Amino acid sequence: MHEAPPTPSPTSPTAPAEPLSHGLKQRHLTMLGLGGVIGAGLFVGSGAGIAVAGPAIVVSYLIAGALAMLVMRMLGEMSAAMPASGSFSVHAERALGRWAGFSVGWLYWFLLVVVLAVEATAAAQIAHGWVPGVEPWAWVLLFMVVFTVANLTAVKNFGEFEFWFASLKVGAIVVFLVLGGLAVFGLLPDTDPVGMTNLTGEGGFLPNGWSGVVSGVLTVVFAFGGLEVVTIAAAETDDPARAVGRAVRSAVVRILFFYVGSMLVIVTVLPWTAQQAGLSPYVKVLDAIGVPSAGQIMNIVVFVALLSALNANLYGSSRMIFSLAERGEAPRGLLKVSGGGAAKGGGADGSSGPAGGVPRRAVLASVAFGFVSVLLNLLWPDTVFLYMLNSVGAVLLFVWALIAASQLRLRARLEQEAPDALALRMWWFPYLTWVTLAGLLGVLLLMLTDDAARPQVLWSAGATALVLLVAVGREWRERRARRDPSAFTDR
């Protein structure tokens, strides 16, 4: 058994350099932050939230968005001070111990590669509708191959894919907000002013009371997952600390604007009772205001959103498992990078060439498990894959909770040892950090009382307990080996 490399001090100015390239630009990171969470969960899944909360879904999104914004601020603070490809996994290790870094890193990797299968399958179903002669499995194979190749080449290819994907999604929401706003005031052809009628009619703003708002939070909170990839990607920019600070500052407020603004337009233009779970409320609104082929337009946007998420998840999972290997928490063979790593490169921009500094084995390991997940989703969607999906259903909340716990510990150390490293600070520390932890615990407890969400919490808790057991067992074995090396000598 190998020993893990020593963990640098959280304030050490001489932490070892990442052997990855620095091919991502600020524009890549900014658009990744803006577009990373704008996906099918917003364009389609928001209909389920409206169905349970009514117009008060706006409040549900404000609450869920506030939680996500606070978590991102904490993560941004740590990542600006200590940028690393493993992001919150590295922070958890430095703050709480190896067990925490190991657990959160592997749980997040598992979450990404399982969700990747859902995205690939959903995108394939849309493509199959356009080209019925090509079977869905063939589309899945095509998507996986294309994005694997893109991630095996220079990191700037990932950045360019995400830049244009995010640009299309952000552009679509801006156009939607403009058209919806014009419709509200009756400024579109053949439309009358809507006013506030739909916000106060059909049972009022709170048709299902505050319990509906709470149910809405449970429905929409996971739509904000994906922002974390920004801090993972920041390690591959020329100036990680500055880049992540800018990306976090610009992303959180604008994402809240896009999410809450969209919901406000939707429930103002149409009665909330017109929405149905599983159907895009965006299509309903565009149809109502007379946009031709609204369904096909949104199909294209959702298709792009799914491919964008697939690309981002493959990137994030490969960098997370690479970081785990770097710290001795995953097989060391995954540390191999193309071109010998950034440190050996000769590019004018500090990169190691067109395809240098890419952790190709980590990419292949992630996509291999992604292929397995896709096969399970195609063969046993209602049994084996459903259990896997449930086992990661609440993992995002566990990851966010560990981010908050890590920030509580690291902020105190940084203020004592390297206050200048705190270029981006969490607001009203430590009070808002504790409020965030309480909010996350509250969401988990509410999920336990919800018949639909309870299996996700229980299965996710089981998966987390299993990973924690492995982490603690590894630490116990290493401590015993240090005390009595002969006990683990090969015979």
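The shown structure was predicted, so the numbers you read here are calculated from the model rather than taken from an experiment.

Visitor: Would you explain the packing of aromatic side chains in this entry?
Guide: Aromatic ring pairs are reported here in terms of the distance separating the ring centres and the angle at which the planes meet. Tallying each qualifying case throughout the model produces 19 aromatic pairs. Here phenylalanine 102 and tryptophan 106 contribute two aromatic rings whose centre-to-centre distance is 6.5 Å and whose plane-to-plane angle is 55°, an arrangement assigned as tilted. Of this pair, phenylalanine 102 and tryptophan 106 both sit in helix 6 (residues 98-130), 4 residues apart, which is roughly one turn of that helix. The class for tryptophan 106 is partly exposed, based on a relative accessible area of 21%. Aromatic pair phenylalanine 163 and tryptophan 164: ring centres 5.0 Å apart, planes at 90°, arrangement edge-to-face.

Visitor: Teacher, can you tell me more about the confidence of the model for the protein chain here?
Guide: Close reading of the predicted structure is inappropriate where its pLDDT is low. This prediction gives the protein chain a mean pLDDT of 81; 90% of its residues lie at or above 70. Within the protein chain, the element-level pLDDT minimum falls on helix 1 (residues 26-35), averaging 75, and the maximum on helix 18 (residues 431-449), averaging 92. Taken as a whole, residues 1-17 scores under 50 in pLDDT and shows 27 contacts with residues more than four places along the chain or in a different chain. This stretch, residues 340-354, has a pLDDT under 50; its non-local contacts, to residues over four places away or in other chains, come to 22 contacts.

Visitor: What should I look at first to understand the packing of helix 18 against helix 19 (residues 454-483) in this one?
Guide: Angle between the axes and distance between the axes are the two parameters that describe a pair of packed helices. As a packed pair, helix 18 and helix 19 sit with axes 6 Å apart at the nearest point and diverge in direction by 120°. Looking at the two axes, helix 18 sits oblique to helix 19. Touching Leu444, Met447, Leu448 and Thr449 of helix 18 are Arg454, Gln456, Val457 and Leu458, all from helix 19. Within the contact of helix 18 with helix 19, the residues separate by chemical class into 5 nonpolar, 2 polar and 1 charged.

Visitor: Explanation requested: a nonpolar patch on the surface in the structure shown.
Guide: A surface patch of nonpolar side chains, amounting to about 850 Å² of accessible area, comprises Trp137, Leu141, Val145, Val149, Leu375, Leu378, Leu379, Trp380 and Val384. For the nonpolar patch, the secondary structure elements donating two or more residues are helix 7 (136-152) and helix 15 (360-379). In terms of residue count, the dominant contributor to the nonpolar patch is helix 7 (4 residues). Among the structural elements, tryptophan 137 can be located in helix 7.

Visitor: What is the right way to read the pattern of salt bridges from this model?
Guide: When the charged atoms of two side chains lie near each other, side chains of opposite charge can form a pair. Going through the model one piece at a time under the given rule, you end up with 9 salt bridges. A salt bridge links glutamate 329 to arginine 98; the nearest nitrogen and oxygen atoms lie 2.9 Å apart. Of this pair, glutamate 329 sits in the loop between helix 14 (294-326) and helix 15 while arginine 98 is found in helix 6, placing the two residues 231 residues apart along the sequence. In this structure glutamate 329 comes out as buried when scored by relative accessible area, which is 4%. Taking the shortest distance from any N to any O, the salt bridge between arginine 425 and glutamate 415 comes out at 3.9 Å. You can see arginine 425 sitting in the loop between helix 17 (395-417) and helix 18 and its partner glutamate 415 sitting in helix 17, a full 10 residues away along the chain. Note on arginine 425: relative accessible area 35%, which makes it partly exposed. Looking at glutamate 415, the relative accessible area reads 37%, which means it is partly exposed.

Visitor: Would you take a moment to explain helix 15 for this structure?
Guide: Three- or four-residue spacings in an α-helix give side chains the same orientation, since the helix completes a turn every 3.6 residues. Its 20 residues give helix 15 an end-to-end C-alpha distance of 28 Å, which sits within 8% of 28 Å, the value for a rise of 1.5 Å per residue. Turning to helix 15, its buried residues are Ala362, Val363, Ser366, Val367, Gly370, Ser373, Val374, Leu376 and Asn377. Of the surrounding secondary structure, the elements contacted by the buried residues of helix 15 are helix 6, helix 7, helix 14 and helix 16 (384-391).

Visitor: Explain the environment of phenylalanine 205 to me, please; I cannot follow it from the model alone.
Guide: In this fold, phenylalanine 205 is placed in the loop between helix 9 (197-200) and helix 10 (209-220). The partly exposed category is assigned to phenylalanine 205, whose relative accessible area is 34%. Separated by 67 residues in sequence, phenylalanine 205 and tryptophan 272 place their C-alpha atoms 9.7 Å apart. When residues no more than four places from it in sequence are discounted, the contact partners of phenylalanine 205 are Ala53, Pro55, Ala56, Val59, Leu199 and Thr200.

So, how was this worked out
Residues numbered from 1 in each chain as written. Predicted model: local features only at pLDDT ≥ 70, side-chain atom pairs only at ≥ 80, totals over all residues. Heavy atoms only, no water. Phe/Tyr/Trp six-rings, centres within 6.5 Å; stacked < 30°, edge-to-face > 60°. Helix = DSSP H or I, 4+ residues; strand = E, 2+ residues; numbered from the N terminus. Buried < 20%, exposed > 50% of the residue type's maximum accessible area, 1.4 Å probe, protein only. pLDDT = per-residue confidence, 0-100. Contact = heavy atoms within 4.5 Å. Axes fitted to C-alpha atoms, helices over the stretch in contact; angles between N-to-C directions. Parallel < 35°, antiparallel > 145°, perpendicular 65-115°, else oblique. Nonpolar A, V, L, I, M, F, W, Y, C, P; charged D, E, K, R; others polar. Patch = residues over 30% accessible without salt bridge, like charges linked within 9 Å, V, L, I, M, F, W, Y side chains within 5 Å. Areas by Shrake-Rupley, 256 points an atom, 1.4 Å probe, with all protein chains shown as cover. Salt bridge = Lys/Arg side-chain N within 4 Å of Asp/Glu carboxyl O. Expected span 1.5 Å × (residues − 1).

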